[in-house]
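Here are the chains, one letter per residue:
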Amino acid sequence: MTTTTIEVSEPVASGESARYDVHIGPGVLGGVREHVAGRSAIVVTDSHVRKLHAAKLALDAHVLEIERGEAAKGFATLERVLETFAQRSLDRSSVVVALGGGSIGDLAGLAASLYMRGIECVQCPTTLLAQVDASVGGKTAINLRAGKNLAGTFHPPSAVFADSSALMTLDDEEFRSGLGEVLKSALLAGEDFTSWLELNAAAFPRRDAEVLAETVARSVRLKAAIVARDPRERGERKALNFGHTFAHAIEHVAGFGRVPHGVAVGVGIALAVRAGASSGIAAAHAAFVERVDRLLAALELDGSLATLRRRYGCELPARELIASMRLDKKGRASEPRFVLLEAPGKVRLDQTLPAEVVERVLA
Ligand code: GLY
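Numbering of residues starts from 1 in each chain and follows the order in which that chain's sequence is written. Two thresholds apply to this predicted model, a pLDDT of at least 70 for residue-level local features and 80 or more for giving and counting side-chain atom pairs, whereas whole-chain, interface and lining totals are computed over all residues. Where side-chain values are given, they derive from all heavy atoms of the structure, hydrogens and water being excluded.

Caption draft 1: A look at the side chain of Lys-73. Comment: elements are numbered from the N terminus, with helices defined as DSSP H or I runs of at least four residues and strands as E runs of at least two. Relative to the assigned elements, Lys-73 resides in the loop between β4 (62-65) and α3 (75-87). Within 3.5 Å is the distance limit for a polar contact, defined as a pair of N or O atoms, with the added protein rule that one can donate a hydrogen and the other accept it, and that residues adjacent in sequence qualify only through two side-chain atoms. Separated by 2.6 Å, the side chains of Lys-73 and Asn-149 make a polar contact. The contact criterion used is simple: two residues touch if any of their non-hydrogen atoms lie within 4.5 Å. With near-sequence residues (within four places) excluded, Lys-73 lies in contact with Ser-103, Asp-106, Ala-141, Ile-142, Asn-143, Lys-148 and Asn-149.

Right, dumping it as structure tokens:
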């Protein structure tokens, strides 16, 4: 299997562009050493990922372990990471290597963007979720009590190494979580990626390496094209939040870390498609809803709040989900905003929904 390299060009505040390569394929983690060459580095990871993958970096660098999952995305861990950077005498030429899933990438990326007003960060995503979405585009964040990802920065990585062999080591739930973001990418990209996903859905549960690498490459190409035009989410990039207004509320109300992000995104997509159909935006409402439901089932993702409540043993009351959505950073003046789809690739941004439609889909 060959390696695919996709160049991302992200305009930054100075009017220039941050350019970086996303390397996709088995064994690409071995390329980090050459990228870092001659500079001091620190690896930020968790104990589980460290055992599985840190040796593949072959770096002579301190390895800093932080908590696993969303538990890492708070001020206490951010402070510990920044203090460690200082204790290890990192300077402006140093490189932070974020090795792990989306939470590690978000937290390490944020620490890199703050330390000495910004040092380089290399993203080494080891989960499907982080490879198809979170590691590309420069978003970093921690959670606040009031909601998910409410404190963060835009800090593009200097390179991304998405090693396909890491996907074979994920437990089933982590893997399924990535499929929620894959479904999002396919539906946003349009008919070509959506029909390709339908044709190849059966290959996912057996983790076919070629199909996974192709999925990551297709998702990264979509994201690269979007962030090149709208790095700061003033318009088009909002599309990448498809399913996320509902998903962030689900994660928040369940308690961060209880429902995996991508699993919540899968349900968020099912709810958004139903809400879009109820408010009349989709041309063939029932057919589109059924198509999305079939894809969710083929990818073995939860497609309703009822199955999510049962699987994770949480209540997720509609009134609490609505209160959480009012605080979502995508909303304005406490009014939640949604990304809705008329059909694959036909995106409507910044949509408001009648309260009765939201209440009905959350019932
Ligand atoms: N995960 C959505 C974005 O990067 O914009």
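From this point, the discussion proceeds with the structure in view.
Caption draft 2: Quick look at the site of the ligand. It suffices for a single heavy atom of a residue to lie within 4 Å of a molecule or strand for the residue to be listed as near it. In the vicinity of the ligand, the contacting residues are Asp-133, Lys-139, Lys-223, Glu-233, Arg-237 and Leu-240. Asp-133 is positioned with one of its side-chain polar atoms (N or O) 2.7 Å from a nitrogen atom of the ligand. Separating an oxygen atom of the ligand from a side-chain N or O atom of Lys-139 is a distance of 2.9 Å. Considering the ligand on its own, with 200 Å² of exposed area, one finds that the protein chains cover 90% of that surface. Charged residues are taken to be Asp, Glu, Lys and Arg, nonpolar residues to be Ala, Val, Leu, Ile, Met, Phe, Trp, Tyr, Cys and Pro, and polar residues to be all remaining types, Gly included. Residue composition of the shell around the ligand, grouped by class: one nonpolar, no polar and five charged. All accessible areas in this document rest on Shrake-Rupley with a 1.4 Å probe, and a residue is counted as covered only by the protein chains that are shown.

Caption draft 3: Molecular detail of the pattern of salt bridges. Here a salt bridge means any side-chain nitrogen of Lys or Arg lying within 4 Å of a carboxyl oxygen belonging to Asp or Glu. Within this structure, the stated rule accounts for 25 salt bridges. Here Glu-120 ties to Arg-39 by a salt bridge, and the two come within 2.6 Å at their closest N and O atoms. Within this pair, whereas Glu-120 is found in strand β6 (residues 120-125), its partner Arg-39 is found in the loop between α1 (32-36) and β3 (41-45), the two being separated by 81 residues in sequence. Accessibility expressed as a relative area gives 24% for Glu-120, which makes it partly exposed. Whether a residue is buried, partly exposed or exposed follows from its accessible area with a 1.4 Å probe, protein chains only, as a fraction of its type maximum: under 20%, in between, or over 50%, in that order.

Caption draft 4: Highlighting the environment of Glu-191. Structurally, the position occupied by Glu-191 is in helix α7 (residues 191-200). The exposure class of Glu-191 is partly exposed, given its relative accessible area of 41%. Distance in space between the C-alpha atoms of Glu-191 and Gly-345 is 6.7 Å, their sequence separation being 154 residues. Once you skip the residues sitting within four places of it in the chain, Glu-191 turns out to touch Arg-291 and Pro-344.

Caption draft 5: Quick look at the state of the cysteines. The criterion for a disulfide is a pair of cysteine sulfur atoms lying within 2.5 Å. In this structure the tally under the stated criterion is zero disulfides. With no disulfide of its own, Cys-121 has Cys-124 as its nearest cysteine by sulfur position, at a separation of 8.5 Å. When its relative accessible area of 1% is taken as the criterion, Cys-121 is described as buried.

Caption draft 6: Quick look at the sheet that holds strand β2 (residues 17-25). Two strands are said to pair when DSSP picks up at least two bridges between them. A sheet is described by the order of its strands in space; here seven strands give the open sequence β1-β2-β9-β6-β5-β3-β4, paired in mixed fashion. Of all strands in the sheet, those with a lone pairing partner are β1 (4-11) and β4, marking the two edges. Taken over all neighbouring pairs, the strand axes of this sheet differ in orientation by 20° on average, direction set aside. Bridge analysis of β2 against strand β9 (residues 159-163) gives four bridges, and the strand direction is parallel. Counted as the bridge partner of Gly-25 is Asp-163 from β9. The axes used here are C-alpha line fits, helices contributing only the stretch in contact, and every angle between their N-to-C directions lies in the interval 0 to 180 degrees. Sheet contacts for α3: β3, β4 and β5 (95-100); angle to β4, the most-contacted strand, approximately 165°. Running at roughly 165° to β5, helix α4 (residues 102-114) makes contact with β3, β5 and β6 of the sheet.

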